[in-house]
Amino acid sequence: MPTCRRKRVVLTEPSEALLQSAKSNPNKEVYYLQQTGEIFETYEAYAARMSFYRLKQFQCEVTGKSGLDYFQALESEQQEAQTMHSRFPEPLKAAVLKAVQWQVVGRLDHLVEAVFDRFKDRYFVDEKVFVDAQGDKFYAKVVQVHPSKTKGESVGVPVENQASSSSVPSPPHEIADDDAVQIHKIGGDLKVPAKEALVRDDPQKYLYKVQILEEQHEKSHEKGKAASKDKAKWSGSFMDVQCSVMSRDRLAFSKSILRRFIRDCVDRDAAVASPWTVKQVIAKHYGVDSVMPEETRKGVEDIKRGEIDKRKKIWEDKEGPPTKKQKKMTAAQEERVKTLAVAAEKREREAREKAERQQKAKEEAERLAAEKKKKKPIRYPTEDLDVRLNDKEKKAGLKVKKPTPSKLGLPFGENQGTFEAFLTSWNFLVIYGQPLHLSTFTMDEFEHALRHSLVDPPCALLGEIHSTLIYNLRTVPFTRHSAVLSLLRLQDTLEEDHRVLGVSVDELAGAMADVGNNWERIPLRHTEMRDGWEEALLGCLKDHATLDNFPRLREVLTRLLFAPEPHAEVSSSSSSSRVSSPVANNLSVQSSPSERYYALPPADRIDILTLMCNLAVSSKAVHSHMESCEEQLTALRKEKIEIGRQKKQYTEEMNSLAGETEVKEPVTNGIVPDEDTTMHESSDLSDVPSEDGSETASTSSARQKRSARQKDLRQKAHTQAHAKQRELARAQAASAKQALAEHRRLDEEVNKLERRLEAIEREFRKLLGAVRIKPLGKDRFHNRIWWFDGMGSASLLGSGGVVQYGTGRIFIQGPSEMDLELMLKRDDDDYEARRLEEEGPEGMLAPSEWAQYAEPEELDEFLAWLNPKGVRELALKNSFIKWWCHIAPGMRKRISDLNISAKLPEARRSTRTKSSGHDVSREPYMMWTNRRAVNSV
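The rules behind these values
Residues numbered from 1 in each chain as written. Predicted model: local features only at pLDDT ≥ 70, side-chain atom pairs only at ≥ 80, totals over all residues. Heavy atoms only, no water. Helix = DSSP H or I, 4+ residues; strand = E, 2+ residues; numbered from the N terminus. Buried < 20%, exposed > 50% of the residue type's maximum accessible area, 1.4 Å probe, protein only. Contact = heavy atoms within 4.5 Å. Areas by Shrake-Rupley, 256 points an atom, 1.4 Å probe, with all protein chains shown as cover. 1 Å grid on protein atoms, 1.4 Å probe; cavity = no way out; pocket = protein on both sides within 12 Å on 5 of 7 lines; lining within 4 Å. Points joined across faces, edges and corners; volume = space filled by probe spheres on them. Nonpolar A, V, L, I, M, F, W, Y, C, P; charged D, E, K, R; others polar. Pairing = 2+ DSSP bridges. Lys, Arg positive; Asp, Glu negative; His and termini not counted. Salt bridge = Lys/Arg side-chain N within 4 Å of Asp/Glu carboxyl O. Polar contact = N/O pair within 3.5 Å; in protein donor to acceptor, adjacent residues only side chain to side chain. Phe/Tyr/Trp six-rings, centres within 6.5 Å; stacked < 30°, edge-to-face > 60°. Lys NZ or Arg CZ within 6 Å of the ring centre and 35° of its normal. Axes fitted to C-alpha atoms, helices over the stretch in contact; angles between N-to-C directions. Parallel < 35°, antiparallel > 145°, perpendicular 65-115°, else oblique. Left-handed = near helix turned anticlockwise from the far one by under 90°. Core = buried A, V, L, I, M, F, W, Y, C linked by side-chain atoms within 4.5 Å. Patch = residues over 30% accessible without salt bridge, like charges linked within 9 Å, V, L, I, M, F, W, Y side chains within 5 Å. Expected span 1.5 Å × (residues − 1).

Trainee: So, the overall build of the protein: which residues are in play, and what are the values?
Mentor: Looking only at helices and strands, one finds 31 helices and 21 strands in the protein. The buried share among the 937 residues of the protein stands at 38%. Considering only contacts in the protein between residues 6 or more positions apart, those separated by 24 or more positions represent 75%. If you sum the accessible surface of the protein, you get close to 56,000 Å²; carbon and sulfur atoms cover 52% of it.

See below:
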């Protein structure tokens, strides 16, 4: 039973009033808690109990795990109990439970110790044990147990602690029923003292007949084949052994697992000296007596009475001995007693007031601590839905409402399922363009090609797409005429003359018989404009499609093989969904796929491509390409790590060069005084003429000569000092110039490495798209943001750094069912109101619903709406910042391309009759060419 604050959780019993009302009104509505079986009369009581169970404050009583709610703790206990019961030896369970029944032991640990000591050397029939025989360890099963020999009979086994065996199984010894009853009866009885039980029922005197099952597998290698053959002869044989050579598996019997077994099977009342009792259900299962014998009951009551008396005596000792009858006190003694009583009462009152003041101070400190904890600032980033814009941020201009993405601007956006299938097909064809030998094309070109309904001129993009997929599906295993067989099985469940579009199943099967039979051998050459791909497509559908993987198989095949009457034929290609497609006209004239394909609605064409792409995923070419991408991704990861190391090394060298230049700069700007100059300048002080006028003319002349000579020496010293300084300055200038050149070189190397890292990121995105596709991120409401450009065989930059795009848009997908369920489980009552306020009714996307941002301005507003305080939107914003230099130019490039070829919507969408003045062949999707086509196919 799970515990809460070290106490077992007791289930709530129905109140008496509820039981009485249930008798008078059996149809009374109540609240039932299914996990625990509790019944509540009011929702408030039910909710309060459920809230209590959901608190993370419960503990698993078996494993000790804490921080769980009630149901997690209960599940943990059940799992551990199942594991424990499966490991614990089954023959030992009944003996252990009978031993612990009605035992009065204070601590469970002491009970476990006693049981373990009694049963560690005692074994029972059908137990699986390990036997040590002649230095080898065998896994064996106990077949018979021979009690200790008390009657002097001979058993015929060796007395020594060695196993005797025979390769031929010997019949088991017959044991009397009264002997079988006596097996470990005294030794397993905890009421008998341990020493007395050892003397009366010594486990060493028991003899066990075991059957060898198999040798224990050793981790070390065998010493030889001869030894292996020697040991194999023991398998299946019988042995008579004693407990000294027997042992149990530690995973099946140890103190820890024994403790868990006993704790799971027994219980005890809270009263003093209550006995351990086996639970009623378990006792009934293992045949343990649930009725306490009278002798045992008296013994338990004696123990309980003694324990109560003992505690009572201890309590009386604490209170002090009973006071004797005192003599009558005098007046002075009475006055003294009264004075002491008043003083004691005063001290008690002061102590009580002091305790109250301390309690109030403690409560006030706790209240202040709680308020301080509440006011503790939130650490960002945090859960997005916990972040709210305050008034200050709203006044600062932060956006509250997200710009509404467009749903109608999606290709085939009238039907979300059709758009998702269209997106999946385009993504597959672009990503795996290399193994399919198919050049990339934009989503707009793919959309216009699927809307193309003119037989002449044919659309080369449609022919190349279907032809490459047909070539790929030739390598995928298929079943001949699987479509026909599937339709015939369907016919058995339909009415006799059931028709779809005016064609029955038999007529459809007959029309399919002679079309596309050798589709896997039809040469669809690129140089011949893939002539005959429509018939090959029908043959491919015949052998690969079934009603299970292609539910609209019958309708599509009927449209491909039958045409309406000439006067009733109406073009259905102008419609982009099955709902608006004309399906009322019966198709009664048999035709060919090459004529009827372009009359298919775009939704049916998308379904065909979706089926072919799903089948092509399992082809060998696609699998090989995915494995190659994985290898290249690993190589790019290693290269990225190496480039990071080189960049760090270059940066450290640049920093060291900059530091050296700063140190040398003060030396070059200043003048270093020379020692000789200082000396001569100091000697100039001695050349000052003396004021004594009594010197002779000769002395003056000598002094003038000496002064001239010293002046020449000073001039020479100055010249030498200046020459040294110029030489030092030139050397320092050359060193600084060299350091600057080295700094520039290192800076260029760092720039090269950064450009290489950018190229690695682009290449990584391309390769990762072939393995797994991930969204850019999620917003606060778990809407997934997708950008499909630059993945697989597509590239973000063309030759010369020209911007390229695949979709030129950002797609928004609604939250998944799981994310929506998690958001609804939050405590926020205003979740729906907040979502309505911040997304608007048109911006709220249901699960698997799509929308798009096609304008850079819309995307700028969306980025301004993102709040980086939330973990999801911070990661999403960082992804946008990382790829913004490719996202925004791609969107602008798409808008520019659309403006160049801008026409009226009716003119942009092809019709069955060629419009005058409009050349369809000059449309971008008609000018596309497959540069990856292989000449041989």
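Trainee: Break down the layout of surface pockets for me, citing the residues and quoting the values.
Mentor: To find leftover empty space, one rolls a probe the size of a water molecule over the atoms. By volume, the largest pocket is sized at about 860 Å³. Around the largest pocket sit 31 residues that line it, and T440, F441, T442, E445 and W928 are the ones nearest its centre. If you list the elements that add at least two residues to the lining of the largest pocket, you get α14 (416-431), α16 (443-451) and α30 (871-900). Of the residues that constitute the lining of the largest pocket, the class distribution is twelve nonpolar, eleven polar and eight charged. As a volume, the second largest pocket reaches approximately 640 Å³.

Trainee: Pulling in residues and values, what's your account of the pairing of strand β6 (residues 128-133)?
Mentor: Successive residues of a regular strand alternate their side chains across the two faces of the sheet. With six bridges joining them, β6 and strand β7 (residues 136-146) adopt antiparallel strand pairing. Note on β7: the bridge partner recorded for V131 is F138. Judged from the two bridges that link them, β6 and strand β11 (residues 246-247) form a sheet pairing that is antiparallel. Across the sheet, the residue bridging to F130 is S247, located in β11.

Trainee: I'd like a description of unusual backbone geometry, backed by residues and values.
Mentor: Here the residue pair Y380 and P381 is connected by a cis peptide bond, since its omega of 0° sits within 30 degrees of zero. Of note, the bond from D456 into P457 is cis; its omega dihedral lies within 30 degrees of zero at 5°. Position of P457 relative to the elements: it lies in the loop between α16 and α17 (460-473). A positive phi is found at R530, a non-glycine position, where the angle reads about 55°. Structurally, the position occupied by R530 is in the loop between α19 (505-512) and α20 (533-544). By relative accessible area, R530 is classed as buried at 3%.

Trainee: Let's hear about the sheet that holds strand β2 (residues 7-8): which residues, and what values?
Mentor: Taken in spatial order, the three strands make up an open sheet running β2-β1-β5, and their pairing is antiparallel. Each of the sheet's edge strands pairs with one partner strand only, and the pair in question is β2 and β5 (58-59). For strand β1 (residues 3-4) and β2, the ladder comprises two bridges, and the chain directions are antiparallel. Paired with T3 across the bridge in β2 is R8.

Trainee: Quick one: what's the story with the side chain of D789, residue by residue and with numbers?
Mentor: Here D789 lies in the loop between β19 (784-786) and β20 (810-813). No salt bridge is formed by the buried D789. Its closest oppositely charged neighbour is R765, at 6.5 Å. A polar contact is formed between the side chain of D789 and the backbone nitrogen of G806, at a distance of 3.3 Å. For D789, the side chain forms a polar contact with the main-chain nitrogen of G808, separated by 3.3 Å. With near-sequence residues (within four places) excluded, D789 lies in contact with R765, L796, Y805, G806, T807 and G808.

Trainee: Quick rundown of the packing of aromatic side chains? Include the residues and the values.
Mentor: Here the structure, examined in full by the defined rule, presents 33 aromatic pairs. Consider the rings of Y43 and Y46, whose centres lie 6.0 Å apart with planes at 40°: the pair is tilted. Of this pair, Y43 and Y46 both sit in helix α2 (residues 43-54), separated by three residues, roughly a single helical turn. When its relative accessible area of 46% is taken as the criterion, Y43 is described as partly exposed. A connected cluster of aromatic rings, assembled from ring pairs, spans F52, Y53, F58, Y70 and F71. Over the ring of F130 we find K137, and its NZ or CZ is 5.3 Å from the ring centre. The aromatic ring of Y380 is capped on one face by K869, whose charged end is 5.0 Å from the ring centroid.

Trainee: So what about the packing of α20 against helix α23 (residues 602-616)? Which residues, and what values?
Mentor: Where α20 contacts α23, the two axes come as close as 12 Å, and the packing angle between them is 60°. Between α20 and α23, the interaxial angle falls into the category oblique. Viewed along their axes, α20 and α23 form a crossing whose handedness is left-handed. Where α20 abuts α23, its residues L537, C540, L541 and H544 lie against I608, L611, M612 and L615. Per-class residue counts for the contact of α20 with α23 are seven nonpolar, one polar and no charged.

Trainee: Tell me about the pairing of strand β21 (residues 850-853), and please be specific about residues and values.
Mentor: With burial as the criterion, each face of β21 is covered, one bearing W850 and Q852 and the other bearing A851 and Y853. In the sheet, β20 pairs with β21 via four bridges, with the strands oriented antiparallel. What sits directly across from I812, in β21, is A851.

Trainee: Explain the pattern of salt bridges residue by residue, including any values.
Mentor: As enumerated under the stated definition, the model contains 50 salt bridges in all. In this structure, the salt-bridge partner of R122 is D201, at a minimum N-O distance of 3.5 Å. Placement of the pair is R122 in the loop between α5 (108-119) and β6 and D201 in the loop between α7 (194-200) and β9 (207-215), with a sequence separation of 79 residues. For the residue pair R122 and D201, the accessibility class agrees, reading buried in each case. Residue K402 is joined to D779 by a salt bridge in which the shortest nitrogen-to-oxygen separation is 3.8 Å. Taken together, the residues K402 in the loop between α13 (391-395) and α14 and D779 in the loop between β18 (777-778) and β19 connect sequence positions 377 residues apart. In this structure K402 comes out as buried when scored by relative accessible area, which is 3%. Taking the relative accessible area as the measure of exposure, D779 reaches 0% and is therefore buried. A network of salt bridges, in which partner residues are shared, links K402, D779, R835 and E839.

Trainee: So what's going on with the nonpolar core? Which residues, and what values?
Mentor: In this structure, L429 and L469 are the most contacted members of the largest nonpolar core, which totals 94 residues. In this structure, A95, V115, I257 and W276 belong to the second largest nonpolar core, which totals 30 residues.

Trainee: Could you give an account of the sheet that holds β21, naming the residues involved and the relevant values?
Mentor: Ordered in space as β18-β19-β20-β21, the four strands form an open sheet in which the pairing is antiparallel. With one partner strand each, in any of the chains shown, β18 and β21 form the two edges of the open sheet.

Trainee: Help me get a handle on a nonpolar patch on the surface, residues and values and all.
Mentor: There is a patch of nonpolar side chains on the surface, built from V30, Y32 and I39 and spanning about 250 Å² of accessible area. Here Y32 shows up in strand β3 (residues 31-33).

Trainee: I'd like a rundown of α14, residues and numbers included.
Mentor: For an α-helix, 3.6 residues make a turn, and residues three or four places apart therefore share a direction. When the terminal C-alpha atoms of α14 are compared, their 22 Å separation across 16 residues agrees well with the 22 Å that a helix rising 1.5 Å per residue should span. Burial of α14 is extensive: twelve of the 16 residues sit out of reach of the surface. Listing the buried residues of α14 in full gives T418, F419, A421, F422, L423, S425, W426, N427, F428, L429, V430 and I431. Two or three places before G417, at the opening of α14, N415 has a side-chain oxygen 3.0 Å from that residue's backbone nitrogen.

Trainee: Hey, could you go over the packing of α14 against α23 for me, with residue numbers and the actual values?
Mentor: For any two helices packed against each other, one specifies the crossing angle of their axes together with the interaxial distance. Viewed as axis vectors pointing N to C, α14 and α23 meet at an angle of 45°, and their least axial separation amounts to 9 Å. One element, α14, and the other, α23, form an angle in the oblique class. In this structure, the crossing between α14 and α23 has a hand that is left-handed. Every residue of α23 that contacts α14 at T418, A421, F422, S425, F428 and L429 is listed here: A603, I606, L609, T610, C613 and A616. Residues that form the contact of α14 with α23 fall into these classes: nine nonpolar, three polar and no charged.

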